[in-house]
Amino acid sequence: MTRPMIAIFTFVLALGGTAAAQTPAPPPALRASVTVTSDVVRIGDLVENAGPVADVPIFRAPDLGTTGAVATDRIVDAIRPHQLIDIDTRGLAQVIVMRAGRAIDAQEISGRIAQALAGQYGLGEPHNIQVNFDHDVHTLEVEPNVTGDLQVLALSYDPRTAHFDVTFDLPSSMELHRQATRYTGSVIETIDTVAVEHPVERGEVLKASDLTILKRPKAEGAALTDIDAVVGLSAKHELHPGQPLHSADVAKPEIVQRNDNVTIVYQAPGVMLTLRGLAQDAGALGDTIGVLNSESKRVVQAVVSGPDRVMVKAVITRVVDNAQERPE
């Protein structure tokens, strides 16, 4: 490369370096919303490109897990003493500020109580323990970085009244120590019972879509608990939602009605005979009913084996010779 070209190249590089050095920094600008994790709001939380004053606190943060709004005028006034000027407000009237937190709601508190009682007093599975509080339960708000379950500080339970008294702690949370963590109430042991989702007419055969599970007090009695076992049964009377089903509410569906014409199947080893008959009773699959043989006009007992079909099995009688041999 010749000396004139080297000089030109050096000059161009110098110009480029100067241009890069003179590129202005992006101006400070308000954010429309911000989430903070500490108990103060800093300039850098509210303003992009805040520079050296970004870490300067100017407002108290909202309570854990809550949201507040700060008017733009207030923000500008609070920042002015720190020599941050020409802030682009982006036409915002206010900035939304949310304080991050971990919420421990009533459901989590209830579950922790059930777990503690199940473990210490043997009340069954925690998901089958219904917790009823004496007073309204407010959500606990703790620091967002706090993990782990509530720990039991004290627990008492009276089996006669089912009343409990529990106090919780979360050692890694300073915020929890400022909140009430003692709860009192009562518990009920429950079981999963089968119920209908909607009204069901008498005689209607139940499908899986007709059924649901209800939690009911264990002490109420022996309701049906296996939803699969109820599918295919018929309602013995009108059924209503919200009521657990019992054995007396359902039965196998009757597939033969009284006075139905049926086929009688006589079966014996190596022989099968079919005749016509008239059902004297209604019956479900497997039931024994009376059937009038249309030919002999005699009523026989037959087992319902299918729709309009019954079966009579021949009884084989063994003849036993009890005669004693005569001595010759």
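Analysis parameters
- Residues numbered from 1 in each chain as written.
- Predicted model: local features only at pLDDT ≥ 70, side-chain atom pairs only at ≥ 80, totals over all residues.
- Heavy atoms only, no water.
- Phe/Tyr/Trp six-rings, centres within 6.5 Å; stacked < 30°, edge-to-face > 60°.
- Helix = DSSP H or I, 4+ residues; strand = E, 2+ residues; numbered from the N terminus.
- Buried < 20%, exposed > 50% of the residue type's maximum accessible area, 1.4 Å probe, protein only.
- Salt bridge = Lys/Arg side-chain N within 4 Å of Asp/Glu carboxyl O.
- Pairing = 2+ DSSP bridges.
- Axes fitted to C-alpha atoms, helices over the stretch in contact; angles between N-to-C directions.
- Contact = heavy atoms within 4.5 Å.
- Expected span 1.5 Å × (residues − 1).
- Arc of directions from axis to C-beta.

Chemist: Looking at this model, I keep getting lost on the packing of aromatic side chains. Mind explaining?
Modeler: Inspection of the entire model under this criterion finds four aromatic pairs. Ring centres of F168 and Y183 lie 6.2 Å apart, and the angle between their planes is 50 degrees; on these two criteria the pair is classed as tilted. Of the two residues, F168 sits in strand β12 (residues 163-169) while Y183 sits in strand β13 (residues 182-196), which places them 15 residues apart along the sequence. Given a relative accessible area of 8%, Y183 falls into the buried group. What links up through ring pairs into an aromatic cluster is the set F133, F164, F168 and Y183.

Chemist: In this structure, what is going on with the pattern of salt bridges? I would like to understand it.
Modeler: Side-chain pairs of opposite charge can arise whenever the charged atoms involved come near each other. As enumerated under the stated definition, the model contains ten salt bridges in all. The shortest N-O distance in the salt bridge between E48 and R90 comes to 2.9 Å. Residue E48 is located in strand β4 (residues 47-48), and its partner R90 is located in the loop between α3 (72-79) and β7 (94-99); the two are separated by 42 residues in the primary sequence. Judged by relative accessible area, which is 25%, E48 ranks as partly exposed.

Chemist: Is there a simple way to think about the sheet that holds β7 in this case?
Modeler: For sheets, the rule is that strands pair by backbone hydrogen bonds, running either parallel or antiparallel. Spatially, the three strands line up as an open sheet ordered β2-β7-β6, and their pairing is mixed. Looking at strand neighbours, the two that pair on one side only are β2 (33-36) and β6 (67-71), the edges of this open sheet. Across the sheet, the mean angle separating the axes of adjacent strands is 25 degrees when strand polarity is ignored. Pairing of β6 with β7, which is carried by five bridges, proceeds in the antiparallel orientation. Residue pairing for β7: T67 is matched across the bridge by M98. In this fold α3 packs onto β6 and β7, with an angle of close to 70 degrees to the strand it touches most, β6.

Chemist: Quick question: what am I supposed to make of the sheet that holds strand β23 (residues 309-313) here?
Modeler: Read around the closed barrel, the five strands follow the order β18-β19-β21-β22-β23; overall the barrel is mixed. With direction set aside, neighbouring strand axes in the sheet form an average angle of 55 degrees. As paired elements, strand β19 (residues 271-279) and strand β21 (residues 288-293) share three bridges and run antiparallel to each other. Each residue of the ladder has a partner; that of A279, found in β21, is V291.

Chemist: Even after reading the chapter, I still don't get helix α4 (residues 106-121), so can you show me in this structure?
Modeler: Residues that lie three or four places apart on an α-helix share one face, since the helix turns once every 3.6 residues. The end-to-end C-alpha distance of α4, which contains 16 residues, comes to 22 Å, matching closely the 22 Å that a straight helix rising 1.5 Å per residue would cover. Along α4, the residues that are buried comprise I109, S110, R112, I113, A114, A116, L117 and A118. Those residues of α4 that are buried are in contact with β8 (102-104), β9 (129-133), β10 (140-142), β11 (151-158), β12 and β13. Of the residues flanking the end of α4, it is G122, one or two places downstream, whose phi is positive at about 60 degrees.

Chemist: How should I be thinking about α3 in this particular structure?
Modeler: Listing the buried residues of α3 in full gives T72, I75 and I79. Taken down its axis, α3 places every buried residue within 60 degrees of arc, on the same side. Residues of α3 that are buried sit in contact with β1 (29-30), α2 (43-46), β4, β5 (57-60), β6 and β7.

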